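# Fold and geometry: a report
So you can see what is in the structure, the chains are spelled out below.
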Amino acid sequence: MKFYNTLHRKKEDFQPLEKGKVTLYTCGPTVYDYAHIGNFRAYIFEDLLRRYLEFSGYDVLQIMNITDIDDKTIRRSIEEKLSLENFTDKYTASFFEDVETLQILPAHHYPRATEFIPQMIETIQQLEDKGFTYTTEDGSVFFKISQFSDYGKLANLNPDQLKSGDRVEDDEYGKEEGRDFALWKGYKAQDGDVGWDSPWGKGRPGWHIECSVMSTHYLSNHFDIHCGGVDNIFPHHENEIAQSCAASGEAFVNYWLHNEHLLVDGQKMSKSMGNFYTLRDLLEKGCSPEALRYTLISTHYRSKLNFTFEKVKAAQKCINRLRELKRRLKKINNEEAEVLSAETESMLSKFSAKLGDDLNISGALGELFIWVNYLFAELDNDKLDCCSANGALSALRKIDSVLGVIECENLEVDDNIQELIIEREKARSDKDWDKADKVRGQLDELGIVIDDTPEGTVWKRK
RNA sequence: GGCGUCGUGGCCAAGUGGUAAGGCAGCAGUCUGCAAAAUUGCUAUGCACCAGUUCGAAUCUGGUCGACGCCUCCA
């Protein structure tokens, strides 16, 4: 199994620190708004990684942070006249709802930044004791990059060439050098009633320290994998490395995995362009959660993903095909023993091998569909015995433990749809084809496709 | 300016030296009350362009063109 490690800009064999176990930290949401599908691309990539590691037999411990204290959460909570806690609780809850909707496996812990203020202060104190910091007049504490010789290794930037000033208008916190970053931000009036006491006065933690403290709290100073979006490589992850290594004196993370961004119609998603989608927006537009999941999962994580509704539609068709296969396989006697045919075993091993090559999902799906095509042909020719069918069903379940798109049929049949189907069945048995077709048209408008099989009518999403 | 990614059929996309996986869309046949689904057949002499290495290149080397990202708090 190998992954592309941003730290060395190449694929590397994956060797966990402890045999059979993986410690995984995945950068989570800043809860100041509903997450958009670009955010979810990251979480779904991380979910695929987690599921594949578990599929491969690893015992994974995953931590995801919830950033509930930063400029945006403070500003927005004040705008909405809510306490920071009430404000962030709302969006944290909506995040968890979305995670569930998308069948993302929950992390084992979701630490919130506000729950770790004492630990952050402690770490900043350590850094201060070791001479990595300086304090400014307003009670802010900065990390002094010039003290950390490895700075820039992850982002492949030369720290001496980091321009100071270009994009940093505010030295409101009074740093010595533009490239230094805040560990602790002294209290300012615009922070409202948000602030904690510290050895440096009232204030709040910087963003980067949060991840350093919470990751090592659960996973120890040195752990296996840290994920996030490419935009986090610099400065966020670079700063995390500096803080963590400086504080502990130990190595921090062995493998850094970063996902590329999602584009909408070839362009960056933005509210002003009107191409900004939250999960809720897309569900309202009639996309199914599993089609969205498939869409987000089926492009390699290090490639840019251009989100289009054509892709969602294609994804839905792929899922329908897998579900249809499952339905047909289930029709064959289910009580007998399971036999993995040579084709099925071959598919499983190739599927796994492709994913083992830096999560080559397209290659893996290619192998899956070769097998799917083969099975449909066997089914059509009545060549599949029940034991092989059971084996195939079992393989399908294994595959879905990684993909998470087949079983999650949250097809609660809406009564209206159910009634229409029954109405059409009756018309058909009366050979009232006009009426049957009319009802089918109505269902079509509801996004439902009818499939008359020898065992009765089956329906699915368009 | 520095660092980095990418360019494969109508669309998406795998393939890192041995002669183009897979999905979607499309066309035709079988099946069906008609559909849908499934199935069968068809759809890239070519992988941005040029030159080179090689018996052989989408894959390696050099160059050209084009798209994009990051360079301080955005997944």
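Quick note: structure is the one above.
Here goes a summary of the coordinates provided.

Calculation rules
Residues numbered from 1 in each chain as written. Chains lettered and ligands numbered in written order. Predicted model: local features only at pLDDT ≥ 70, side-chain atom pairs only at ≥ 80, totals over all residues. Heavy atoms only, no water. Helix = DSSP H or I, 4+ residues; strand = E, 2+ residues; numbered from the N terminus. Buried < 20%, exposed > 50% of the residue type's maximum accessible area, 1.4 Å probe, protein only. Pairing = 2+ DSSP bridges. Polar contact = N/O pair within 3.5 Å; in protein donor to acceptor, adjacent residues only side chain to side chain. Axes fitted to C-alpha atoms, helices over the stretch in contact; angles between N-to-C directions. Contact = heavy atoms within 4.5 Å. Near = heavy atom within 4 Å.

### Concerning unusual backbone geometry
Cis peptide bonds are those with omega within 30 degrees of zero, and the linkage from Phe234 to Pro235 qualifies with 0°. Phi is positive for Asp358, close to 55°, though the residue is something other than glycine. Mapped onto the elements of the fold, Asp358 is located in the loop between helix 10 (342-356) and helix 11 (361-380). Judged by relative accessible area, Asp358 falls into the buried class, the value being 0%. If you check the backbone angles, Leu359 has positive phi at about 55° while not being a glycine. A residue is classified by how much of its surface remains accessible, and Leu359, at 1% relative accessible area, is buried.

### Brief notes about the pairing of strand 14 (residues 448-453)
In the sheet, strand 14 pairs with strand 15 (residues 456-461) via six bridges, with the strands oriented antiparallel. Each bridged residue has a counterpart across the sheet, and for Asp451 the counterpart in strand 15 is Val458. Between strand 14 and the antiparallel strand that follows it, strand 15, lie two residues.

### A closer look at the side chain of Ser341
Mapped onto the elements, Ser341 comes out in the loop between helix 9 (309-331) and helix 10. Among the polar contacts listed, one links the side chain of Ser341 to the side chain of Thr344, at a separation of 3.0 Å.

### Brief notes about the sheet that holds strand 9 (residues 223-229)
Reading across from one edge, 4-3-9-10 is the order of the four strands in this open sheet, with parallel pairing throughout. Of all the strands in the sheet, just strand 4 (59-64) and strand 10 (253-259) have a single pairing partner and so form its edges. Mean inter-strand twist for the sheet, computed between neighbouring axes without regard to direction, equals 20°. The pairing of strand 3 (residues 21-26) with strand 4 spans six bridges and is classified as parallel. Paired with Thr23 across the two strands is Leu61, which belongs to strand 4. Running over the sheet, helix 5 (residues 207-219) touches strand 3, strand 4 and strand 9 and is turned about 160° from strand 3.

### What to know about the protein's contact with RNA strand B
With respect to spatial proximity, 50 residues lie near RNA strand B, and among them Arg179, Gly229, Asn232, Arg440 and Asp451 are the closest. The sugar-phosphate backbone supplies 62% of the atoms of RNA strand B found within 4 Å of the protein. One nitrogen or oxygen atom from the side chain of Asn232 is found 2.2 Å from a sugar or linking oxygen belonging to RNA strand B. Interatomic distance of 2.7 Å between a side-chain N/O atom of Asp380 and a sugar or linking oxygen of RNA strand B. Where the surface near RNA strand B is concerned, the elements lending two or more residues are helix 1 (37-55), strand 9, helix 9, helix 11, helix 13 (415-429), helix 14 (433-445) and strand 14. The leading source of residues in the surface near RNA strand B is helix 11, at eight residues.

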